[in-house]
Amino acid sequence: MTYVETRRHELRKRALLMIDGSLTTNQQSSEGGACVRVQQGGYWGFASATGASDAQAIERLKDRALRNAQAMAAFGPKEAAGLPGGTYKGRHAFQGRPAIGQKELVERLQAITDWCRSRYPDLKSVRVRAEDEHHDKHVTNSLGSDASQAIQRGMVSIAFTIDGADGTPVELVEGDSCKGSLADLDLGPAAWEARLDALHGHLQAKREAVHARGGLKTVVLGPALAGILAHEAMGHPCEADIVLGGAITGDLVGKSIASELVSMVDIAHTFRGEEAMVPVYVDDEGAPGQDAVLIDRGVLRGFMSSRETAAQLGIPVTGSARAYAPADEPLVRMRNTVILPGNDKLDDMIAGVDDGYYLLRTSNGQADTTTEFMFGVTLGYEIKGGKLGRAIRDTTLSGSAIKVLQAVDAVSSEVQWEARGYCGKKQVMVVSMGGPALRTRAQLGGE
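As the structure is a prediction and not an experimental result, all values here were calculated from the model.

What counts, and at which threshold
- Residues numbered from 1 in each chain as written.
- Predicted model: local features only at pLDDT ≥ 70, side-chain atom pairs only at ≥ 80, totals over all residues.
- Heavy atoms only, no water.
- Helix = DSSP H or I, 4+ residues; strand = E, 2+ residues; numbered from the N terminus.
- Rg over C-alpha atoms; globule rule 2.2 N^0.38 Å.
- Buried < 20%, exposed > 50% of the residue type's maximum accessible area, 1.4 Å probe, protein only.
- Contact = heavy atoms within 4.5 Å.
- Areas by Shrake-Rupley, 256 points an atom, 1.4 Å probe, with all protein chains shown as cover.
- Pairing = 2+ DSSP bridges.
- Axes fitted to C-alpha atoms, helices over the stretch in contact; angles between N-to-C directions.
- Phe/Tyr/Trp six-rings, centres within 6.5 Å; stacked < 30°, edge-to-face > 60°.
- Lys NZ or Arg CZ within 6 Å of the ring centre and 35° of its normal.
- UniProt positions renumbered as here; feature names shortened; annotations may be inferred.
- Expected span 1.5 Å × (residues − 1).
- Salt bridge = Lys/Arg side-chain N within 4 Å of Asp/Glu carboxyl O.
- Core = buried A, V, L, I, M, F, W, Y, C linked by side-chain atoms within 4.5 Å.

**Some remarks on the overall build of the protein chain**
Across its full length, the protein chain carries eight helices and 26 strands. For 447 residues, the compact-globule estimate of 2.2 N^0.38 gives 22 Å, and the protein chain sits close to it at 23 Å. When its C-alpha atoms are laid out on the principal axes, the protein chain stretches across 65 × 55 × 40 Å. Within the protein chain, the proportion of its 447 residues that are buried is 53%. Pairs at least 24 apart in sequence give 74% of the contacts found in the protein chain among residues at least 6 apart. Per element, the accessible surface of the protein chain, about 18600 Å² overall, is 48% carbon and sulfur.

Below, the structure is given as structure tokens:
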């Protein structure tokens, strides 16, 4: 065997959903096990098992992984590429507050539900969802890495539903996420008051929402839209395995693909002196986590990589190989992807638009390897003469991320981060994304 890698991995999750004061979901799960990945004769072999992860279990998995690699060798001789990248030894875990018990957590969800009901009596429904998850990983490999790392996050979403002017339901969601567990998120009404007052105000505006006018429009994308643009539309095409699969970005390194105002980085573990929401000091191949500078002042500079994809492309190893569950193989994945802040003020960006839209929230998004994307927009407003106007109904934003980023003429000075969603790519993955506000041109769905 030219390479051996072992990972002991425990994953604990829980999720609670309260709808109008009734607890409809109360789940807890835990899975643990080990996996071994080997490379021999240029072929990979992988084996995993739940339960025991002692030395004997690891030896059995190593034998199975080796036999899997040998079976793959039936496809014929294959040149074994070297595996670049350094090694890592260390221990990392976030030291948060002691976990909240289920009973106390249910009481907190009930309290915030009751508070919302009392403060906003016109609501038809209040839905509160709370989740946290905790990954403990210990990775070793034959190159000399020996590292333990924990990824932990807590997240809460509060959804309000009200009847629209035409009687159809109108819903908006506010949420928060943190590093650690639900104990590290303040669920008290005082912590949510300003955000939920704003949410309720948006809901009232959306009751009377009008259709957007479709077509190529000047838009100010709020941080949530900018973050998902960075992740879905430009992040995935900058993952080295996607590049090897034919992504358009493969031929664009060193070329201008965005406005000079746009720089984009996949942060490994530290952003401007503070630990990121999903800190990856070492990946699941035992490679040290390095920031991946994807776009520097408009020019495409690089990709996120694993050891193997870095060798194939001749680029640095960024320590981006990650696996979600104990039985998953590591893939090239984003960690904390962000468009770096600029120097503009959001109010000035809006004031500079004579006829356009301010888009604040998105429901989902998808993109392909050409950077063509389509995102759902759940909250937005008209901009007329530099001032916000009527709310608009749910719509879509679409286009080529490259063209949208090339059209950026203002970037706000503040970045907002969140880590509430999952990234999907064969496996789900915990990631965070951050964005300032961007002013650009994009296709908006509508009349």
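Moving on from the model shown.
**Observations regarding the sheet that holds strand S9 (residues 264-267)**
In a beta sheet, neighbouring strands are held together by backbone hydrogen bonds and run either parallel or antiparallel to one another. The six strands are arranged S13-S12-S9-S16-S25-S22 in an open sheet whose pairing can be described as mixed. Looking along the sheet, the strands with just one partner apiece sit at the ends: strand S13 (299-300) and strand S22 (416-418). Both S22 and strand S25 (residues 432-435) contribute to a ladder of three bridges, which runs antiparallel. Paired with Gln 416 across the bridge in S25 is Gly 435. Against the sheet, helix H4 (residues 223-235) engages S9, strand S12 (292-296), strand S16 (336-339), S22 and S25, with an angle of about 120° to S25.

**Side note on the packing of aromatic side chains**
Summed over the entire model, instances satisfying the criterion amount to six aromatic pairs. Considering the side-chain rings of Tyr 3 and Trp 44, the 5.8 Å spacing of their centres and the 85° angle between planes classify their relative orientation as edge-to-face. On the criterion of sequence distance, the pair formed by Tyr 3 in strand S1 (residues 3-19) and Trp 44 in strand S3 (residues 43-50) is long-range, its members being 41 residues apart. Classification of Tyr 3 as buried rests on a relative accessible area of 1%. Measuring from ring centre to ring centre gives 5.9 Å for Trp 115 and Tyr 120, while their planes differ by 85°; the resulting arrangement is edge-to-face. Summarising the burial analysis for this pair, Trp 115 and Tyr 120 share the class buried. Linked through ring pairs, Trp 115, Tyr 120 and Phe 160 together constitute an aromatic cluster. The positively charged end of Arg 153 is found above the aromatic ring belonging to Tyr 422, 4.4 Å away from the centroid.

**Quick word on the pairing of strand S7 (residues 169-179)**
One ladder, built from eleven bridges, connects strand S6 (residues 146-163) with S7; its direction is antiparallel. Paired with Ile 162 across the bridge in S7 is Val 170. The loop that links S6 with its antiparallel partner S7 comprises five residues; one of these, Gly 167, has a positive phi angle of about 90°.

**A short note on the environment of Asp 114**
As for its position among the elements, Asp 114 is in helix H2 (residues 102-119). Judged by its relative accessible area of 42%, Asp 114 falls in the partly exposed class. Taking the C-alpha atoms as reference, Asp 114 lies 7.5 Å from Gly 21; in sequence the two are 93 residues apart.

**Here we look at the UniProt feature "domain: Metalloprotease TldD/E C-terminal" (unreviewed entry) in the protein chain**
Here, the residues flagged by UniProt with the feature "domain: Metalloprotease TldD/E C-terminal" (unreviewed entry) are residues 218-440. Across residues 218-440, helical content stands at 17% and strand content at 38%; the span's end C-alpha atoms are separated by 6 Å.

**Topic: the environment of Ala 99**
Within the secondary structure, Ala 99 sits in the loop between strand S4 (89-92) and H2. As a C-alpha pair, Ala 99 and Pro 189 span 90 residues in sequence and 20 Å in three-dimensional space.

**Some details on H4**
Taking 1.5 Å per residue as the helical rise, H4 with its 13 residues ought to reach 18 Å, whereas the 16 Å between its terminal C-alpha atoms falls clearly short. Among the 13 residues that make up H4, twelve are buried, leaving the element largely enclosed by the rest of the structure. Among the residues of H4, those classed as buried are Pro 223, Leu 225, Ala 226, Gly 227, Ile 228, Leu 229, Ala 230, His 231, Glu 232, Ala 233, Met 234 and Gly 235.

**Some details on the pattern of salt bridges**
Taken as a whole and judged by the stated rule, the model has 32 salt bridges. The salt bridge partner of Glu 174 is Arg 361, with a shortest N-O separation of 3.0 Å. Here Arg 361 lies in strand S17 (residues 355-367) and Glu 174 lies in strand S7, a separation of 187 residues in the sequence. Put simply, Lys 425 and Glu 239 hold a salt bridge, and the shortest N to O gap is 3.0 Å. Here the residue Lys 425 occupies a position in strand S23 (residues 422-425), and Glu 239 occupies one in the loop between H4 and helix H5 (240-244), the gap between them amounting to 186 residues. One exposure class covers both Lys 425 and Glu 239, and it is buried. Ionic contacts of the salt-bridge type, sharing partners, join the residues Glu 5, Arg 37 and Glu 285 into one network.

**Considering the environment of Gln 366**
The topology assignment puts Gln 366 in strand S17. Overall, the relative accessible area of 57% leaves Gln 366 in the exposed class. Residues Gln 366 and His 231, 135 residues apart in the sequence, show an inter-C-alpha distance of 9.8 Å. Setting aside residues up to four positions removed in sequence, Gln 366 forms contacts with Glu 232, Glu 372, Phe 373, Met 374 and Phe 375.

**Here we look at the UniProt feature "domain: Metalloprotease TldD/E N-terminal" (unreviewed entry) in the protein chain**
What UniProt calls "domain: Metalloprotease TldD/E N-terminal" (unreviewed entry) maps, in this numbering, to residues 7-69. Strand forms 63% of residues 7-69 and helix 24%; the C-alpha atoms that close the span are 18 Å apart.

**Remarks on the nonpolar core**
Residues Leu 229, Met 234, Ile 295, Leu 359, Leu 397 and Leu 405 are the most contacted members of the largest nonpolar core, which totals 43 residues. Those elements giving two or more residues to this core turn out to be strand S8 (215-221), H4, S12, S17, strand S18 (372-384), helix H8 (401-406) and strand S26 (438-444). Per element, the largest residue contribution to this core is seven residues, and it comes from H4. Excluding its chain neighbours within four sequence positions, the residues that come into contact with Ile 295 are Met 234, Ile 257, Ala 258, Val 262, Ser 263, Met 264, Leu 300 and Leu 405.

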